[in-house]
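Structure at a glance
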Amino acid sequence: MTVPFRIPTTDLDYCLEQLLEHKPPKILPPETIQQLCHTLKTQLLSVPNIMPLQSPIAVVGDIHGQYHDLLEIFQIGGAPPTTNYLFLGDYVDRGYYSVETISLLITLKLRFPDRVFLIRGNHESRTITTNYGFYSEVLSKYNGSADVWSYITDLFDYLPLGATIDGKIFAAHGGLSPSCQQLDQIRALDRFREIPHDGIMADLVWSDPDTEIMDFKLSPRGAGYLFGLDVINKFCHENSLVQMIRAHQLCNEGYTSYWQGKCLTVWSAPNYCYRCGNKASVLEILHSNYDSKRTSTTTSNYEDRFDSTKICLRQGVLPGQFFNIFEASPENDEDTLKGKSVNGINSEDEYAVNNGDFFSGFFREKSRKQHVEYFL
Ligand SMILES: [Mn+2]
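Within an unreviewed UniProt entry, the label attached to the chain reads Serine/threonine-protein phosphatase, and the organism entered is Scheffersomyces stipitis. For the chain, the Sequence similarities (unreviewed entry) comment in UniProt is given as "Belongs to the PPP phosphatase family."

See the structure below:
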């Protein structure tokens, strides 16, 4: 039996401080990344392929290296450990801050292991990151060395493939597989490997829902499948699920609801690639008590502030859920103007260190944003 290693809280806090208290964020030294990845790997060894999670939880879609927009998410949805987070993968590639984004998420996972959950996307892979930005970003930020890329892509092999929420909702990065009818088939996979070209593991991170088709069709992406309503209905029925939540597809409004909320896409990279002009969202799941209205134990103060029925109708979500919509951070626009010149250059600007509790200190600076549109 492997005993999971632990890193002292003070060391993790120091890493968080490096990333959060500097602008641009300070990258962590290769030896630190190596230790973080090694430690997290030992902890993930005992985590099942599908993590059984509970509401309330905030579900985050693709981030793609847009570090400042990730910080925006913590302002909107609350920061860990106050808010529980499930991240649906695609942390790296495309944006200019893949290194900082994955470093922050790894550190947060180690610091708050019961509050932060990470699953694997199709970009958490050696081949994809070699072609879509992460690999070259590591080379440019670490003086031509690919070591950090190796540490992190090795860690990717350990990430779980999905999660259930309250046993009723299935979450994964992409979608369903024609080779998989039961969640137990996913649970039985040997996931500790590179994402293969086909099979259940590939389909989970590559597939997409499609309202125009029935059954499965090969995906135009070249991997995974498109799946129709009959597929998701059957899968939900056989596994006692009510819904699938996934990411993987750009949504102009930040989210998409398929089939009256049977399947939801959450997309969390606003102004994707610094040019798409799209909104982004975080899916807040407050509860999954669909039968009983306003049972006192799970009613949160969120619910007192918005009309659940109206939200369900407008956003196509289930009761107790809502998409918190947000737009690109000011830094996203700056990145657009400056282009890749910000890449790899850490200025010496030192920000005042707050006494110990830097994480809340970081957010104390800015007032928490209220997205009144969804609090009618
Ligand atoms: Mn994806």
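1. Looking at the UniProt feature "domain: Serine/threonine specific protein phosphatases" (unreviewed entry) in the chain
In this structure's numbering, the residues bearing the UniProt feature "domain: Serine/threonine specific protein phosphatases" (unreviewed entry) are residues 119-124. In residues 119-124, the share of helix is 0% and the share of strand is 0%. The end C-alpha atoms are 9 Å apart.

2. Concerning the sheet that holds strand E8 (residues 216-218)
Read from one edge to the other, the open sheet built from 3 strands follows the order E7-E9-E8, with strand pairing classed as mixed. Of all the strands in the sheet, the pair left with one neighbour each is strand E7 (208-209) and E8. Examined bridge by bridge, E7 and strand E9 (residues 225-227) share 2 bridges and lie parallel to one another. Bridge assignment links Pro-209 to a residue of E9, and that residue is Phe-227.

3. Overview of the confidence of the model for the chain
Scored by pLDDT, the chain comes out at a mean of 88, with 84% of its residues at no less than 70. Confidence drops under a pLDDT of 50 for residues 340-359, and excluding neighbours within four residues, the segment shows 29 contacts in the predicted structure.

4. With respect to helix H10 (residues 229-238)
Residues of H10 that are buried include every one of Val-231, Ile-232 and Phe-235, and no others. For H10, the buried positions fall inside an angular range of 90 degrees around the axis, keeping them on one side. Of the exposed residues in H10, those oriented more than 90 degrees away from the buried face are Asp-230, Asn-233, Lys-234 and His-237. On its buried face, H10 is in contact with E7, E8, E9, strand E10 (243-246) and strand E12 (263-266). Positioned one or two residues after H10, Ser-240 has a phi angle of 55 degrees, which is positive.

The rules behind these values
- Residues numbered from 1 in each chain as written.
- Predicted model: local features only at pLDDT ≥ 70, side-chain atom pairs only at ≥ 80, totals over all residues.
- UniProt positions renumbered as here; feature names shortened; annotations may be inferred.
- Helix = DSSP H or I, 4+ residues; strand = E, 2+ residues; numbered from the N terminus.
- Pairing = 2+ DSSP bridges.
- pLDDT = per-residue confidence, 0-100.
- Contact = placed C-beta atoms within 7 Å.
- Buried ≥ 20, exposed ≤ 12 C-beta atoms within 10 Å, placed from the backbone.
- Arc of directions from axis to C-beta.

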